[in-house]
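Residue strings, one per chain:
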Amino acid sequence: MKLSMKYRVLRACMKAAGVKKQLAGTKEEILKAAKAGAAKKKIPQLKSPDLDISVRKFDGEDVVYMTHKQKTDRVCIFLIGGGMVKYPRPDALKKAMKICLETGRDFIVPYYPLCIDQPVTVAFDFIYRLYEDTLQHYKAENVLLCGSSSGAYLALGLVSHINAKGEGLPIPSKIYASSPGTCFYKQEEWDEAWKLNETDFLIDARYMETAKDIMTHGEDVPDYMRYLDEGNYKGLKEVYLCYGSHETLYAACKPILSGLNRDGVKVTLEVGEEMFHCYPFFPLCKEAKRGWDKMIAFLKG
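The text that follows walks through the structure, step by step, so that each part is easy to find.

The rules behind these values
- Residues numbered from 1 in each chain as written.
- Predicted model: local features only at pLDDT ≥ 70, side-chain atom pairs only at ≥ 80, totals over all residues.
- Heavy atoms only, no water.
- Phe/Tyr/Trp six-rings, centres within 6.5 Å; stacked < 30°, edge-to-face > 60°.
- Helix = DSSP H or I, 4+ residues; strand = E, 2+ residues; numbered from the N terminus.
- Buried < 20%, exposed > 50% of the residue type's maximum accessible area, 1.4 Å probe, protein only.
- Pairing = 2+ DSSP bridges.
- Axes fitted to C-alpha atoms, helices over the stretch in contact; angles between N-to-C directions.
- Contact = heavy atoms within 4.5 Å.
- Expected span 1.5 Å × (residues − 1).
- Arc of directions from axis to C-beta.

## So, the packing of aromatic side chains
Aromatic rings in a pair are described by how distant their centres are and how their planes are angled relative to each other. For the structure on display, the rule yields 17 aromatic pairs. With 6.3 Å between their ring centres and 45° between their planes, Tyr176 and Phe298 make a pair best called tilted. Here Tyr176 is found in strand β6 (residues 174-178), whereas its partner Phe298 is found in helix α9 (residues 286-300), with 122 residues between them in sequence. Side by side, Tyr176 and Phe298 carry an identical accessibility label, which is buried. Taking the centre distance of 5.4 Å and the plane angle of 55° together, the rings of Tyr240 and Phe298 count as tilted. You can see Tyr240 sitting in strand β7 (residues 238-244) and its partner Phe298 sitting in helix α9, a full 58 residues away along the chain.

Next up, the structure:
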């Protein structure tokens, strides 16, 4: 595949900027930087003539609600990634509003609990309660979860959490998962991840070694919260799974796909040739724009 000049320039700029180094330090270094970043959290003031936008507290956390003035019964819970140590950037919220407008769904964008001082169980319980609250206003068959990176990990993991709790909460209808973050379970996944590390200019494989400690904080965490391929996806109808072929996390694609197929989930798999981590959310070149268009079409459905 011949890559566009725009993508080649973008890739060179990202390499030169050293973005990959941000999550390549020790646990202590990453958490120190994460605490400093969390203290500077900024939620942008968004405006659109077609939306009612508000920021509300839910279980002590900020949640952005984007509701179409032309009423709809469909909603997307949008979980933005950040390695479980970073809140969404202001531009990510602006992008969420753009997706909201293009898809016609209401959007719920939570600043979910990070793993800076606590295990990932806290985030899972929060997302569970937020989803439970969403069902007070929308039918389960009209609720779609969309996630990027660690957000995609939480979106898929929520299904396992619902099944594990066994409280009868309906499973969401569909999930769009772009480059879901997960710990690697088997040696062959690690072997593949280290090979892909040579071509990934955003996510360092070393972070996946550190992530397990950050996500658990020394506490006992269920396997499905660490390894997505160990999840229970029964009841989930459809997943759109997307990876770039040159990203480290692509090493987890086959195991996750196997787990979804095992539980009877209809899966559409998109693998962008030579593309990067979560590329559909960055349609800055024609290759990534194709991923964006496919994502929008799925969210519209």
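What follows picks up the thread again.
## A short note on unusual backbone geometry
Phi is positive for Asp59, close to 50°, though the residue is something other than glycine. You can see Asp59 is positioned in the loop between β1 (51-58) and β2 (61-68). Residue classification places Asp59 among the partly exposed residues on the basis of a relative accessible area of 44%. Of note, Glu274 is a non-glycine position whose phi angle comes to about 60°, a positive value. Looking at where Glu274 falls in the secondary structure, it is placed in the loop between β8 (266-272) and α9.

## Thoughts on the sheet that holds β1
Pairing within the open sheet is mixed, and its eight strands lie in the order β1-β2-β4-β3-β5-β6-β7-β8. Looking along the sheet, the strands with just one partner apiece sit at the ends: β1 and β8. Averaged over all pairs of adjacent strands, the angle between strand axes in this sheet comes to 15°, irrespective of strand direction. Relative to strand β4 (residues 106-110), strand β3 (residues 75-79) runs parallel, the two sharing three bridges. Looking across to β4, one finds that Cys76 is bridged to Phe107. Strands β3, β5 (143-148), β6 and β7 of the sheet are contacted by helix α5 (residues 150-165), whose axis makes an angle of about 140° with β5. Strands in contact with helix α8 (residues 253-262) are β7 and β8; relative to β8, the strand with the most contacts, it is inclined by about 165°.

## Comments concerning helix α3 (residues 90-103)
With 14 residues, α3 should reach 20 Å at 1.5 Å per residue; the first-to-last C-alpha distance of 20 Å fits that figure. Inspection of α3 places Ala92, Leu93, Ala96, Met97, Ile99, Cys100 and Thr103 among the buried residues, and these make up the whole buried set. In an axial view of α3, the angular spread of the buried residues amounts to 165°, which keeps them on one side of the axis. Residues of α3 that are buried sit in contact with β1, β2, β3, β4 and α9. Downstream of α3 by one or two residues, Gly104 has phi in the positive range, about 80°.

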